[in-house]
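# Working through the structure, step by step
Chain by chain, the residues:
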Amino acid sequence: MNYSKIKKIISILLVVIGAIAIISEISSVTKNYYVQSVGVVFLMLGVFLVNTNVKSKTKIDSDPYLEEEE
């Protein structure tokens, strides 16, 4: 499988798990703040993985009009 496809699946799962944990704890009568904090961490990790798109820079072409001085 492709790395980007695996990354996308993992990030969507993290977002879904985090959202379910937060929504279930908000709607419950007794609050468990550990579950809420874990839900927020999962949600933020998933959103971070969705939004990161770091590409390495390839060869930078120098401006042909600039010449090096010797």
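In short, a report on the structure. Each chain carries its own residue numbering, running from 1 in the written order of its sequence. Local features in this predicted model are restricted to residues of pLDDT 70 or higher, and side-chain atom pairs are both shown and tallied only at a pLDDT of 80 or more, whereas totals for entire chains, interfaces and linings draw on every residue. Side-chain measures here rest on the full set of heavy atoms in the structure, leaving out hydrogens and waters.

### Here we look at the overall build of the protein chain
Counting from the N terminus, the helices are DSSP H or I runs at least four residues long and the strands are E runs at least two residues long. Summing up its helical and strand segments, the protein chain has 2 helices and 0 strands in all. Among the 70 residues that make up the protein chain, the fraction classed as buried is 14%. For the protein chain, restricting intrachain contacts to residue pairs at least 6 apart in sequence, the fraction spanning at least 24 positions comes to 59%. What sets the accessible areas is the Shrake-Rupley method with a 1.4 Å probe; for residues, cover comes only from the shown protein chains. As displayed, the protein chain offers around 6,500 Å² of accessible surface, 65% of which is attributable to carbon and sulfur atoms. Type-normalised accessible area, obtained with a 1.4 Å probe on protein chains alone, sets the label of each residue: buried when under 20%, exposed when over 50%, and partly exposed for intermediate values. We call two residues in contact when some of their heavy atoms are within 4.5 Å.

### Notes on the side chain of E25
Here E25 is to be found in helix α1 (residues 3–27). Nearest to the buried, unbridged E25 among oppositely charged side chains is K31, at 6.7 Å. Apart from residues no more than four positions distant in its own chain, E25 is found in contact with T30, K31, N32, V35 and Q36. Charge convention: Lys and Arg are scored as positive, Asp and Glu as negative, and His as well as the terminal groups of each chain are ignored. Salt bridges are counted wherever a side-chain nitrogen of Lys or Arg sits within 4 Å of a carboxyl oxygen of Asp or Glu.

### Let's talk about the environment of V47
Examined against the element boundaries, V47 turns out to sit in helix α2 (residues 33–51). The partly exposed category is assigned to V47, whose relative accessible area is 32%. C-alpha of V47 to C-alpha of S11: the two residues are 36 residues apart in sequence and 6.9 Å apart in space.

### Observations concerning the packing of α1 against α2
Under this scheme, a helix contributes an axis fitted over its contacting stretch, all axes are lines through C-alpha atoms, and angles between N-to-C directions fall in the 0 to 180 degree range. Here α1 crosses α2 at 150°, and the two axes come no closer than 7 Å. On the basis of their axis angle, the class for α1 and α2 is roughly antiparallel. By crossing handedness, the relation of α1 to α2 is classed as left-handed. When α1 is examined against α2, the residues K7, I10, S11, L14, V15, I17, G18, A19, A21, I22, E25 and I26 are found in contact with a partner set consisting of V35, Q36, G39, V40, F42, L43, L45, G46, V47, L49 and V50. A per-class count over the contact of α1 with α2 returns 16 nonpolar, 5 polar and 2 charged. Any angle from 65 to 115 degrees is called roughly perpendicular, while one under 35 is roughly parallel, one over 145 is roughly antiparallel, and all others are oblique. A clockwise turn of the near helix away from the far one marks a right-handed crossing, whereas an anticlockwise turn of less than a right angle marks a left-handed crossing. Amino acid classes used here: Ala, Val, Leu, Ile, Met, Phe, Trp, Tyr, Cys and Pro are nonpolar; Asp, Glu, Lys and Arg are charged; the rest, including Gly, are polar.

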